[in-house]
Amino acid sequence: MAELEKSYNPKGIEEKWYALWLQGDYFNPDTVQGEPYCVVIPPPNVTGSLHMGHALNATLQDILIRWKRMLGFRTLWLPGTDHAGIATQNVVERELARKGLDRHRLGRDSFIQEVWQWRAEYGGRIINQLKRLGASCDWSRERFTMDEGLSRAVREVFVRLYDEGLIYRDNRLINWCPRCHTALSDLEVEHEEIDGILTYIRYPFSDGSGYIVVATTRPETMLGDTAVAVNPEDGRYKHLIGKAVSLPLTGRTIPVISDSAVDASFGTGAVKVTPAHDFNDEAIAKRQNPPLPSITVIGDDGRMTGEAGRKYSGIDRYECRKIVVADLKASGLIEREERYRHSVGHCYRCKTIIEPLPTLQWYVKVGPLAAGAIDAVRSGRIRIIPEMWNNTYFSWMENIKDWCISRQIWWGHRIPVWYCREMRNEECRMKDGVIASREAPVQCPYCGSKELTQDGDVLDTWFSSALWPFSTLGWPDKTEDLKTFYPTSVLVTGFDILFFWVARMIMMGLKFMGDVPFRDVYIHALVRDARGQKMSKSKGNVVDPLVMIDKYGADAFRFSLAAFAAQGRDIRFSEDRVEGYRHFVNKLWNAARFIMMNLKTIDAQQLCLQHLAPGESQTSGATPSAVSLDLASRWILSRLAATADEVNNALEGYRFNDAANSVYQFIWHEFCDWYIEMSKHALYSSDEDRAGTVATLLYVLDNSLRLLHPFMPFVTEEIWQGVKGSVSALGVSEGLMLYEGRSIMLSRYPSSLSRDHQAEDEMSFIVRVVTGVRNIRGELNISPAAEVRVLVRTFSDDAERVLKGNLHFIKRLAKAREVEIGRDVEKPHLSATAVTNHFEVYVPVEGLLNIDAEIDRLIKEKTKVEESLRSLDKKLLNEDFLKRAPKEIIEKERARYRDLVLKDERLEGSIKRLKETGVKR
RNA sequence: GGGCGGAUAGCUCAGAUGGGAGAGCACAGCCCUUACAAGGCUGGGGUCACAGGUUCGAUCCCUGUUCCGCCUACCA
């Protein structure tokens, strides 16, 4: 980058540096010393394509990882993908359908091969997208949940839990997706409010003595009713309990029963009971003595079964609903229909309405595991950030139900259970012929039979995800990685998978590693669109991160996400702000361009020997030696130190937005707006300050780039390498200790630099004079081209000394032709005034000044001062305040009061003089 | 039904432990000043949703109300 372009263009540059980082193996911690710091990525679905949630998630992790790496930690960010059972199977099935095939015709083994084939072809997509973002994952450790190693971990865990009785099989109602043709866990069901109809149906008594009316939103299930239930306390129905009802359309006779779960105030107070298709009804049925029978009228394909009767058999459940209602109407058994809004469960993958079905499934008994997981958070061994999620976590964990882990699909970890078909002895029959085994058994361990068949189901995808923090590090082997990096440092994730994933990882980690899987859980926001809507393909409001990267560059995009990531709040994504941060990238770029342009004119020996002292802290390189620096340089070094502290503190607390804002504010509004402008004096006047100024420019740029690097890895590397080239061309890089090393990502992160409070105080005098003059220029509309005279009447020695010593800065920044400073400076006639505590600034504006405008301006300011004075006055006269407020607050307010009184008097004086002038004129 | 979060400038949002209301964008004025017009300087704009309470003092803590958003639950 000998000659920099006028603006930064990320195309090509991002790829170039990412390739270099990979080539240098910089993401790999193997050869690094230091305290371990580890993050495992929430594995995106292998079918996935990078969306805003991933982008935010990965950006935050990369910021942490790059930051810690630069701080000297032995840093591992472990990447990988999830096999995503149902989602992936769906995708491949759609693919097959396009070719006119389906998985049943293909057969299980061929289908699985198809999926692997698909993965080989497309599974790397999201990984490549993460690379575009700049993610510094150690790709040599990339894992996939279906890898052999991870599959072994899955079998190990399953068998151990089974042997301990924590995994069992049971036949009960589960959530069934008729489209995906599989069981789902409670978590995989999304409840959504929909408009339905509440149908009131008359159920005639068998003895012909009238009827009882029940209300239902699912009339078709009446074909499977096995009772009508009422509340035992309900006076209207008490006498009917035990009576027989003739179930319409079926001719079956069912009883009227009582159950306290029935709400007398809802509907008619009488409820039809369908144990096979409703969780409530199942519970009621089980409470009866003897339990009510269960009749399954809807099959696993969502069509009515033979049990529903010949007329309805084979018909889709919703078609059947219409027919049943029509048939009932024809018999005069529909009392009325009401519109009714209620929530209905949908499959989280395909949005099909869930059908509760009685089936035989595998479950994990979570109660015993949950206790430890609750304690880990309660005791602080795991910290959830922000804390507000603690409550959500606790309330879910405390009400946790057993976890259905079997899925009737093909893609996933096959359940490591075999069934003995012969069950030749008592022991085998006692065990139901169930063999849970890490490897495929050759013969039945109980009876020796060789007639074994493996369970056809696979495990819930989240079962393998739950093991991710240790299975990826090599468990069940005792690997070096596991020893070094477990427990991992922090998990960064969205709250939407707090239960699916985070809670289960904690349970499994505690169970199998005997320790928590991570110290911190940082829960970030959900990215919504500009109107606050959840982004979804169907709504068409999705913002594609890759489009953002193409349009604005990965750096601007990443920085935006970090700046958006305020804790505890959802993000409304606005493209305008990304554009704003692209401007910031460009600002930085141009600052670097400026510095490099001025580098050519410097004498290398002078720069190196006289102006760079060995760095006071190991992390920041050589520091410009303070003795020989001008005020501006000392000031910017101190501001840099303050900024480094702010950024480090903010990142320590996961306040990414604060960190981003600090560095933005520093680079733009302190370094560029003030320091670079001030540096021009030394640079252009070729006096002895030049070398110190160049040294400071180089130093502050270097440290700014490093501060910014975790947020904007590409542009910082590009500039840093460019400056490095120029610096070494000067032949001073050896002694400089700046821009050292092969890459900025391997340099040290700025921290614990020293402040220079005196320089900051002194600089504030200059700032106040300059802004005073600028205000006057702006408000009185004095052309920026016009040079003015500036007079400053000082009231303190400090102010006088500092201002006199830095006239050149005032001249440059305020565009002043000449500056006069002193205690005895007189206010010229026809001049505008700016008032501060330490001095008054006068700008003579003969001919230019509109006296009335200037008087208005001063009166406006005086009004503000007096307003503040009034409220302060009240406060300081309040005895309670004086009695109870802390001393330092009272002193602060008093000082403020004194300053304001002074200012008020001076303003008054200026106004008076101006009025006199006006009269004279 | 239960729980959580939000309500601050025209817009999008910051304000970590109570003590002088901020940023970015947008808007207005003046400037192509030799890093940057994707820029510079200046300016206007807020009863911090509403009502109470605690406190010497509340945008911040407590209670209630209204309006949004989310999570969760077996009222058919």
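See above for the structure.
One structure accompanies this document, and this report is about it. Computed from a predicted model, the values in this text were never measured in an experiment. (Residues numbered from 1 in each chain as written. Chains lettered and ligands numbered in written order. Predicted model: local features only at pLDDT ≥ 70, side-chain atom pairs only at ≥ 80, totals over all residues. Heavy atoms only, no water.)

## With respect to the overall build of chain A
A count of helical and extended segments in chain A gives 31 helices and 31 strands. Taking 29 Å as the expected radius of gyration for a compact globule of 921 residues, we find that chain A reaches 37 Å, considerably beyond that expectation. A total of 921 residues make up chain A; the buried ones form 56% of that total. For chain A, restricting intrachain contacts to residue pairs at least 6 apart in sequence, the fraction spanning at least 24 positions comes to 76%. For chain A, the accessible surface area stands at approximately 39900 Å², while carbon and sulfur atoms represent 48% of it. Here chain A holds 122 positive side-chain charges and 126 negative ones, and the gap between their average locations is 2 Å. (Helix = DSSP H or I, 4+ residues; strand = E, 2+ residues; numbered from the N terminus. Rg over C-alpha atoms; globule rule 2.2 N^0.38 Å. Buried < 20%, exposed > 50% of the residue type's maximum accessible area, 1.4 Å probe, protein only. Contact = heavy atoms within 4.5 Å. Areas by Shrake-Rupley, 256 points an atom, 1.4 Å probe, with all protein chains shown as cover. Lys, Arg positive; Asp, Glu negative; His and termini not counted. Charge placed at Lys NZ, Arg CZ, Asp CG, Glu CD.)

## With respect to the pairing of strand β1 (residues 36-40)
Within β1, 4 of the 5 residues are buried, leaving the element largely enclosed by the surrounding structure. Of the crossover connections in this fold, the one passing from β1 over helix α2 (residues 52-70) to the parallel strand β2 (residues 74-78) is right-handed. (Right-handed = clockwise from strand over helix to strand, strands pointing away.)

## Some words on the protein's contact with RNA strand B
Neighbouring RNA strand B are 55 residues; Asp263, Asn280, Tyr340, Arg569 and Arg884 lie closest to it. The share of sugar and phosphate among atoms of RNA strand B within 4 Å of the protein is 64%. Between RNA strand B and serine 7, the relevant distance is 3.4 Å, taken from a base nitrogen to a side-chain nitrogen or oxygen of the residue. Measuring from a sugar or linking oxygen of RNA strand B, one finds a side-chain N or O atom of asparagine 775 at 3.4 Å. Secondary structure elements with two or more residues in the surface near RNA strand B: β8 (211-216), α19 (575-599), α22 (656-685), α26 (757-779), α29 (851-877), α30 (879-884) and α31 (887-920). For the surface near RNA strand B, a count of residues per class yields 19 nonpolar, 15 polar and 21 charged. (Near = heavy atom within 4 Å. Polar contact = N/O pair within 3.5 Å; in protein donor to acceptor, adjacent residues only side chain to side chain. Nonpolar A, V, L, I, M, F, W, Y, C, P; charged D, E, K, R; others polar.)

## Quick look at the pattern of salt bridges
Scanning the model with the defined rule gives 68 salt bridges in all. A salt bridge links lysine 68 to glutamate 652, with the nearest nitrogen and oxygen atoms 3.8 Å apart. Linking lysine 68 in helix α2 with glutamate 652 in helix α21 (residues 631-652), this pair joins segments that are 584 residues apart in sequence. For lysine 68, a relative accessible area of 9% gives the class buried. (Salt bridge = Lys/Arg side-chain N within 4 Å of Asp/Glu carboxyl O.)

## Focus on the sheet that holds strand β30 (residues 831-835)
The strand order across the open sheet built from 4 strands is β29-β28-β31-β30, with neighbouring strands paired in mixed fashion. In the strand order of this sheet, the two ends are held by β29 (816-822) and β30, each with one partner. Direction aside, the axes of adjacent strands within the sheet are offset by 20° on average. For β30 and strand β31 (residues 839-844), the ladder comprises 5 bridges, and the chain directions are antiparallel. Residue alanine 832 lies in a different strand from β31, and its bridge partner there is valine 843. (Pairing = 2+ DSSP bridges. Axes fitted to C-alpha atoms, helices over the stretch in contact; angles between N-to-C directions.)

## Section: the environment of serine 140
Counting through the fold element by element, serine 140 comes out in the loop between α6 (125-133) and β4 (143-144). Taking C-alpha positions, serine 140 is 9.2 Å from aspartate 25, a pair spaced 115 residues apart along the chain. One polar contact links serine 140 to aspartate 138, side chain to side chain, over a distance of 2.7 Å.

## Some details on the side chain of lysine 680
Positionally, lysine 680 belongs in helix α22. A relative accessible area of 17% means that lysine 680 is categorised as buried. If sequence neighbours within four positions are ignored, lysine 680 has contacts with Phe594, Ser685 and Arg812.

## Quick word on the side chain of threonine 493
One can find threonine 493 in strand β22 (residues 488-494). With sequence-adjacent residues up to four places away left out, threonine 493 is seen in contact with Pro42, Asn57, Trp501, Val502, Tyr522, Ile523 and His524.

## Here we look at the nonpolar core
Membership of the largest hydrophobic core comes to 211 residues, with the highest contact counts inside it found for Phe158, Tyr393, Met397, Phe463, Met508, Phe573 and Phe711. Among the elements that take part in this core, α22 stands out by supplying 14 residues, more than any other. Formed by 28 residues, the second largest nonpolar core is a distinct cluster that contains Leu247, Tyr312, Cys320 and Val325. (Core = buried A, V, L, I, M, F, W, Y, C linked by side-chain atoms within 4.5 Å.)

## Points about the packing of helix α3 (residues 85-98) against helix α5 (residues 108-122)
Contact pair α3 / α5: the axes reach a minimum separation of 10 Å and the direction vectors enclose 95°. Considered as vectors, α3 and α5 are oriented roughly perpendicular to each other. Along its contact with α3, which presents Thr88, Gln89, Val91, Val92, Glu93, Glu95 and Leu96, the element α5 presents Phe111, Glu114, Val115, Trp118 and Tyr122. (Parallel < 35°, antiparallel > 145°, perpendicular 65-115°, else oblique.)

## Things to note about the environment of valine 843
Mapping valine 843 onto the fold places it in strand β31. A relative accessible area of 0% means that valine 843 is categorised as buried. Sequence-distant contacts of valine 843, that is, excluding residues within four places in its chain, are made with Val773, Ile776, Val788, Arg789, Leu830, Ser831 and Ala832.

## Quick word on the packing of helix α1 (residues 13-24) against helix α24 (residues 713-730)
It is the contact of α1 with α24, at a shortest axis distance of 9 Å, that shows an interaxial angle of 80°. Of the possible angle classes, the one that applies to α1 and α24 is roughly perpendicular. Contact residues: Ile13, Glu14, Lys16, Trp17, Tyr18 and Trp21 in α1; Pro713, Phe714, Glu717, Glu718 and Gln721 in α24. Residues of the contact of α1 with α24, tallied by class, amount to 6 nonpolar, 1 polar and 4 charged.

## Examining the state of the cysteines
One pass over the full model with this rule turns up 0 disulfides. The cysteine cysteine 320 is free of any disulfide, with cysteine 177 supplying the nearest cysteine sulfur at 19 Å. In this model cysteine 428 remains outside any disulfide bridge; the closest cysteine sulfur is found in cysteine 444, 3.6 Å from its own. For cysteine 428, a relative accessible area of 0% puts it in the buried group. (Disulfide = S-S within 2.5 Å.)

## Focus on the sheet that holds strand β10 (residues 244-246)
Read across the open sheet, the 4 strands follow the order β10-β11-β9-β12; overall the sheet is mixed. Every other strand in the sheet has two partners, leaving β10 and β12 (270-273) as the edge strands with one partner each. Geometrically, the sheet is characterised by an average inter-axis angle of 30° between neighbouring strands, direction not taken into account. Summarising the sheet, strand β9 (residues 227-230) and strand β11 (residues 253-258) pair through 3 bridges and their orientation is parallel. Residue pairing in the sheet places valine 230 in a bridge with serine 258 of β11.

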